[in-house]
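# Structure at a glance
Here are the chains, one letter per residue:
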Amino acid sequence: MTPESPSIARREFLKFLAASPYVAAAGGVGAFLRHPEVSAQGGPSGAAGVISDPASALNVFDFEESARRKVAPGHWAYMASGVDDDATLRANREIFSHVQLRPRRLHDATLVDTRVDLFGTVYNSPIFLCLTGGERSFFADGELAVARAAAARGTLQCLSTMTSTPIEDVNRALGRPVWYQLYAPSKWAACEQLLRRVQAAGSNVVLLTVDNTTGRNSETYRRTRPKDVSQCASCHGPGEPPGPVADRAMFKGIDMAGVRAPNPAMDWAFVDQLRAFWRGKLIIKGIDTHEDARLAVEHGFDGILVSNHGGRATETLRSTLEALPEVVAEAGSRVPVFVDGGFRRGTDVFKALALGAKAVGVGRPFLWGLGAFGQPGVDRVIEILQGELKLAMGNCGTRTVADINRAYIAAPDWKGR
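Since the model is a prediction, treat every value here as computed from it, not as a measurement.

Time to look at the packing of aromatic side chains. Applying the stated criterion across every chain yields a total of nine aromatic pairs. Following the ring pairs from residue to residue traces out a cluster consisting of Phe119, Trp179 and Phe338. Seen from the ring of Tyr78, Arg312 lies directly overhead, with NZ or CZ sitting 4.5 Å from the centre.

What follows is the structure, encoded as structure tokens:
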């Protein structure tokens, strides 16, 4: 038998660790390998020590360990984990190592412009902040701290249905309307009331989430959270966290008796009803096949967000970057395609733009910044990612986001090439 190379042997060993319930109970592979020297999110993390201020961070991974030490263990476990064996969570990161850059030289890099127009609003870059629920779980100011950082950096902020802060307050802090994510309630009257409130708050873009309508198997979270969840009652109320949907900020004043959100019976007929009611922009979040992309366009969506819920919905084993090309090909020039899932570097963002994405969402990185330092942490995460993207664009010879195309990447060992 031919001896395995050290890299193959290490990879197989890490796969073995990732599948072990004992490693999961210890906090995952990163914790098992003596975090922070190895990060569970697939990047270098503070080998020289945990950062004590945002300015000392050299990349977004530097915030991870600092945040982990400050955020309540149950909240951290919920955010950091995926579903089943966390394999889709890892796939979102691993795919970037299979896509290479093909830079073109001798272009003036002093004129790089990262701005992008999304539905009539110009943002400083195509990097946006994903919708993540209950941001006050990571820092007292939660969504307001995120909004102030987004405003300072000219960044698009998306707001979850499960926000811990009302949309009206977030829009005031941001200085412009957020894009609002919709977990559609199972009763149409509740859905209509919720959307009227969003509209009254000035938000005109709604993202309908369709990738998590039947719940999820959050195995790692359940293994790593505190065993005694009675301590959670002070934040989440009685029962199993995260508590009743009716207690969430956006459902105040809505009769949620017997109502589920999201609606497990949601189908394309519901989409038609929603499209007829909502006169603003409507994006579908959670599409990762060309078949569903075609249906999304046919049913009147204004945009498609390729997403697998950060590896937290279904254990598909398929990264969003792999799914992106077929969705882009189907959408063509009819509607813009967005993507999220595993983005940690400016070069990651560049690769998605080269594959046809209009804009790219980040989630966990800004939560690390929020948990570590509040608004200054989020601000620094955005600054780092925007700076890395600008560097990548300049070094590859692209002056504008529109200049980035498939010719700037190669994927010799990737089936999606």
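Now that the structure has been shown, the text picks up again.
Between helix α9 (residues 188-200) and helix α12 (residues 268-277), the least distance of the axes is 12 Å, while the angle of their chain directions is 35°. The handedness of the crossing between α9 and α12 comes out as right-handed. Residues Trp188, Cys191, Glu192, Leu195 and Arg196 of α9 touch α12, and the partners they reach there are Phe270, Gln273, Leu274 and Phe277. Classifying every residue of the contact of α9 with α12 gives six nonpolar, one polar and two charged.

All right, on to the pairing of strand β9 (residues 303-306) then. A regular strand places its side chains on the two faces of the sheet in alternate fashion. Here β9 shows no split at all, with Gly303 and Leu305 on one side and Ile304 and Val306 on the other all buried. As paired strands, strand β8 (residues 281-285) and β9 are joined by three bridges and run parallel to one another. The residue bridging Ile284 from the neighbouring strand is Ile304, located in β9. Of the crossover connections in this fold, the one passing from β8 over helix α13 (residues 290-298) to the parallel β9 is right-handed. Across three bridges, the pairing between β9 and strand β10 (residues 337-340) is parallel. Its bridge partner lying in β10, Val306 is registered against Val339.

A separate point is the pattern of salt bridges. A side chain with one charge can pair with a side chain of the opposite charge if their charged atoms come near. The full count for this structure, using the stated rule, is 18 salt bridges. In this structure, the salt-bridge partner of Asp348 is Arg93, at a minimum N-O distance of 2.9 Å. Linking Asp348 in helix α15 (residues 346-354) with Arg93 in helix α6 (residues 87-94), this pair joins segments that are 255 residues apart in sequence. For the salt bridge of Glu192 with Arg196, the shortest nitrogen-to-oxygen distance reads 3.3 Å. Taken together, the residues Glu192 and Arg196, both in helix α9 and four residues apart, mark about one turn of the helix. Salt bridges here are not isolated pairs; linked through shared partners, they connect Arg153, Asp379, Arg380 and Glu383.

Moving on: the sheet that holds strand β6 (residues 179-182). Across the sheet, eight strands lie side by side as β4-β11-β10-β9-β8-β7-β6-β5; this open sheet has parallel pairing. Because the sheet does not close on itself, it has two edges, and the strands there are β4 (127-129) and β5 (158-159). Here two bridges tie β5 to β6, and the two strands are oriented parallel to one another. If you follow Cys158 over to β6, its bridge partner there is Trp179.

Our next topic: the pairing of strand β7 (residues 205-209). Most of β7 is tucked away, with five of its five residues classed as buried. Every second residue of β7 is oriented toward a common face, with Val205, Leu207 and Thr209 on one face and Val206 and Leu208 on the other, all of them buried. Sheet topology places β6 next to β7; three bridges connect them, and they run parallel. In the strand pairing of β7, Gln181 is matched with Leu207. Note that the unit made of β6, α9 and β7 has a crossover that is right-handed. Pairing of β7 with β8 involves five bridges; the strand directions are parallel. Bridge pairing in β8 places Leu207 opposite Ile283.

Attention now goes to the environment of Phe343. Within the fold, Phe343 resides in the loop between β10 and α15. Classification of Phe343 by relative accessible area gives buried; the value is 1%.

This brings us to the environment of Thr347. Inspection of the secondary structure assignment puts Thr347 in helix α15. For Thr347, a relative accessible area of 31% puts it in the partly exposed group. Along the sequence, Thr347 and Leu385 sit 38 residues apart, while their C-alpha atoms lie 9.0 Å from each other. Once residues lying within four places of it in the same chain are set aside, the contact partners of Thr347 are Leu101 and Ala392.

By secondary structure assignment, the location of Glu135 is in the loop between β4 and α7 (142-152). Setting aside residues no more than four positions away along its own chain, Glu135 makes contact with Gly142, Glu143, Val146, Ser164, Phe366, Leu367 and Leu370.

Turning our eyes to something else, we now look at the nonpolar core. Formed by 99 residues in total, the largest nonpolar core has its most connected members in Phe63, Leu182, Leu208, Ile304, Leu321, Leu324 and Phe343. Excluding its chain neighbours within four sequence positions, the residues that come into contact with Ile304 are Ile283, Ile284, Ile287, Ala293, Ala296, Val297, Val327, Val335, Pro336, Val337 and Phe338. Residues Phe128, Cys158, Leu305 and Ala359 belong to the second largest nonpolar core, which totals 15 residues.

What follows deals with the side chain of Ser81. Position of Ser81 relative to the elements: it lies in the loop between α5 (73-80) and α6. Other than its neighbours up to four places away in sequence, Ser81 contacts Asp86, Leu89, Thr220, Tyr221, Arg312 and Arg364.

With that settled, the discussion passes to the confidence of the model for the protein. On average, the protein scores 87 in pLDDT, and the residues at 70 or more come to 84%. Note that residues 1-11 has pLDDT below 50 and, in this model, one contact with residues that lie over four places away or in other chains. Below pLDDT 50 for its whole length, residues 18-40 participates in 37 contacts with residues either more than four positions away or in separate chains.

Between helix α16 (residues 364-373) and helix α17 (residues 375-396), the least distance of the axes is 6 Å, while the angle of their chain directions is 145°. As α16 runs across α17, the sense of the crossing is right-handed. Every residue of α17 that contacts α16 at Pro365, Phe366, Gly369, Leu370 and Phe373 is listed here: Gln375, Pro376, Gly377, Val378 and Val381. Considering only residue class, the contact of α16 with α17 consists of seven nonpolar, three polar and no charged.

About the criteria used
Residues numbered from 1 in each chain as written. Predicted model: local features only at pLDDT ≥ 70, side-chain atom pairs only at ≥ 80, totals over all residues. Heavy atoms only, no water. Phe/Tyr/Trp six-rings, centres within 6.5 Å; stacked < 30°, edge-to-face > 60°. Lys NZ or Arg CZ within 6 Å of the ring centre and 35° of its normal. Axes fitted to C-alpha atoms, helices over the stretch in contact; angles between N-to-C directions. Helix = DSSP H or I, 4+ residues; strand = E, 2+ residues; numbered from the N terminus. Left-handed = near helix turned anticlockwise from the far one by under 90°. Contact = heavy atoms within 4.5 Å. Nonpolar A, V, L, I, M, F, W, Y, C, P; charged D, E, K, R; others polar. Buried < 20%, exposed > 50% of the residue type's maximum accessible area, 1.4 Å probe, protein only. Pairing = 2+ DSSP bridges. Right-handed = clockwise from strand over helix to strand, strands pointing away. Salt bridge = Lys/Arg side-chain N within 4 Å of Asp/Glu carboxyl O. Core = buried A, V, L, I, M, F, W, Y, C linked by side-chain atoms within 4.5 Å. pLDDT = per-residue confidence, 0-100.

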